[in-house]
Structure formats: structure tokens, C-alpha cells
Amino acid sequence: MASVLLVEDEQAIREMVAMALERAGFRVRHAESAEDAQAAIQLSQPDLILLDWMLPGQSGIDYARRLKRDRATRELPIIMLTARGEEGDRIRGLDAGADDYVPKPFSPRELVSRVKAVLRRVQPTTGEAAIEIRGLRLDPVSHRVLAGDDPVAMGPTEFRLLHFFMTHTERVFNRTQLLDNVWGANVYVEERTVDVHVRRLRKALAPTGHDELVQTIRGAGYRFAGQ
Ligand code: CA
């Protein structure tokens, strides 16, 4: 049973979301602020965080950045909840490290399906062999990436994206194809989201020069160099 930490200061929304998630079989813990959430995470780490943008004290977006900076919580998936619907805000949320973004008002059912989609995306596929390309090694079972002997830290979406690229080298994929294959065909995500995650993946791979394997094909999409 997956556990979700819900960080939301509005009681009505908290209750509605908690009820929907519990009905769907999740264990739910609550926090009303970033400070509460941090204490809850130190007690035990959830499988996913639903994080409201507007919180008393530290904002949700600043807290998301902090979680992604901290080695212990870097891989924890985050879905941002927010009343802000501007595209610029969505991109800011994703840039801060969120894996998905759900604008308010949302239906509880939609939220539950987004939670499931993100968890599906981050769960390692078992029984698969590690893949190695030009000194970059990805192990789908342990969920680790090594460049030479050095571990490469990255978020769960970047991991899935890299996994897809490394198992489909030398082919150009446009954003829609990447969304379908990495995010899932029934998930509503904007195409620009792909660019955000490709940028993050390149940043993670840059210290060892492996970012060059992720190539932009102008007007067509992205390709991962396999040779
Ligand atoms: Ca709020």
C-alpha cells in the first residue's frame, strides 16, 4: 500500500483529498505547512507528496526546491496542487522539481489517477538487466545510474526518461511520443513538460559529459546516441 503525504493548509481540501485517496487504497498522512511536512518525512518517508503551492510560512514551491536539494528526499515524487493556472506558474512548478502539477479546482478522481500515474512512472520495473552505453550505466532494478563509478542523482521522471532513451537509442522521438512512452498515454501533460525534464536530465548527466548523448533534433524532437 503506497503512502501519500498531503501538505495542504485548507481543511476542506485536505479532507476531500484524503477521503478519495484512502478510498483508492492509499495510506494518507497530513501536514499543514512545510515545517509540519518536514517533521512527518523525518519520521517516515512517504512514497509521494501532494504539495499545495500556497502554504503559511514557507511556500510549497520553495519547499519543493528544498526537497529536491536534499539527498535524502531528492527522489521523492512531488505533485504540486495550486490555484495558479498560468502556464508560467506550471513551468515554475516543474522547474522546482515537481513531477506533476494539478490546478485547483480538481476532481478527487482526477487527482487519484494523477497520483497513480506518477507512482507507476517512478516504480522500478523489476527483472530487467542493467543497460550500459558509453560508460553510462542504468540499473532498472536498483534504480541507480552510474557514470563510470560515480552515482548520478536524478529525479524519478528523469530516470524513466533516461531508461526509455537508453532502451530506444538512435531514434528520434517527438514530444508527443515521449509523453506517451514515458508519462503514459492517458495522462494530460503539456508538451513543454518534456523540455523541462530533458533539460534536467542533461544537467544531471553534464558533470561527466554524458549530456551530449541526449541530442536535440531541430524541428523533430530528441534522440539518444547509442554508439
Ligand atoms: Ca493553501
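Residues numbered from 1 in each chain as written. Predicted model: local features only at pLDDT ≥ 70, side-chain atom pairs only at ≥ 80, totals over all residues. Heavy atoms only, no water.

### Notes on the domain arrangement of the protein
Along its sequence, the protein is organised into domain 1 (3-122) and domain 2 (131-224). The distance between the C-alpha centroids of domain 1 and domain 2 comes to 24 Å. Both faces considered, domain 1 and domain 2 share a buried interface measuring about 1600 Å² in area, 46% of it formed by carbon and sulfur atoms. Joining domain 1 to domain 2, the criterion identifies 0 salt bridges. Looking at the side of domain 1 that touches domain 2 residue by residue, the classes come out as 6 nonpolar, 1 polar and 10 charged. (Domains from an automatic or database assignment. Buried area = accessible area lost by both parts, 1.4 Å probe. Salt bridge = Lys/Arg side-chain N within 4 Å of Asp/Glu carboxyl O. Nonpolar A, V, L, I, M, F, W, Y, C, P; charged D, E, K, R; others polar.)

### What to know about the pattern of salt bridges
In total, this model carries 11 salt bridges according to the counting rule given. For the salt bridge of Arg 65 with Asp 62, the shortest nitrogen-to-oxygen distance reads 3.0 Å. Linking Arg 65 with Asp 62, this pair stays in helix α3 (residues 60-69), spanning 3 residues, or about one helical turn. The class for Arg 65 is partly exposed, based on a relative accessible area of 32%. By relative accessible area, which is 35% here, Asp 62 ends up partly exposed. Where Arg 114 meets Asp 100, a salt bridge forms, and the shortest distance between an N and an O atom there is 2.8 Å. Note that Arg 114 is positioned in helix α5 (residues 108-122) and Asp 100 in strand β5 (residues 100-103), a separation of 14 residues in sequence. The class for Asp 100 is buried, based on a relative accessible area of 4%. Linked through salt bridges whose partners overlap, the residues forming this network are Glu 8, Glu 10, Asp 52 and Lys 104. (Helix = DSSP H or I, 4+ residues; strand = E, 2+ residues; numbered from the N terminus. Buried < 20%, exposed > 50% of the residue type's maximum accessible area, 1.4 Å probe, protein only.)

### So, helix α6 (residues 156-167)
Since there are 3.6 residues in each turn of an α-helix, residues three or four apart along the chain are aligned in direction. For α6, spanning 12 residues, the distance from its first C-alpha to its last is 17 Å, which sits close to the expected 16 Å at 1.5 Å a residue. Those residues of α6 not exposed but buried are Pro 156, Thr 157, Glu 158, Phe 159, Leu 161, Leu 162, His 163, Phe 164, Phe 165 and Met 166. (Expected span 1.5 Å × (residues − 1).)

### Quick look at α3
Within the span of α3, buried status applies to Gly 60, Ile 61, Tyr 63, Ala 64, Leu 67 and Lys 68. Angular distribution of buried residues about the axis of α3 spans 160°; they occupy a single face of the element. The elements touched by buried residues of α3 are α2 (34-43), β3 (48-52), β4 (78-82), α4 (87-95) and α6. (Arc of directions from axis to C-beta. Contact = heavy atoms within 4.5 Å.)

### With respect to the sheet that holds strand β12 (residues 221-224)
The 3 strands are arranged β10-β12-β11 in an open sheet whose pairing can be described as antiparallel. One side of each edge strand has no neighbouring strand; the edge strands of this open sheet are β10 (172-173) and β11 (214-217). Two elements, β10 and β12, share 2 bridges in a ladder whose sense is antiparallel. Pairing of Phe 173 across the sheet is with Tyr 222, part of β12. Taken strand by strand, α6 contacts β10, β11 and β12, and its axis lies near 65° from that of β12. Packing of helix α8 (residues 192-205) onto the sheet brings it into contact with β11 and β12, and relative to β11 it is tilted by some 145°. (Pairing = 2+ DSSP bridges. Axes fitted to C-alpha atoms, helices over the stretch in contact; angles between N-to-C directions.)

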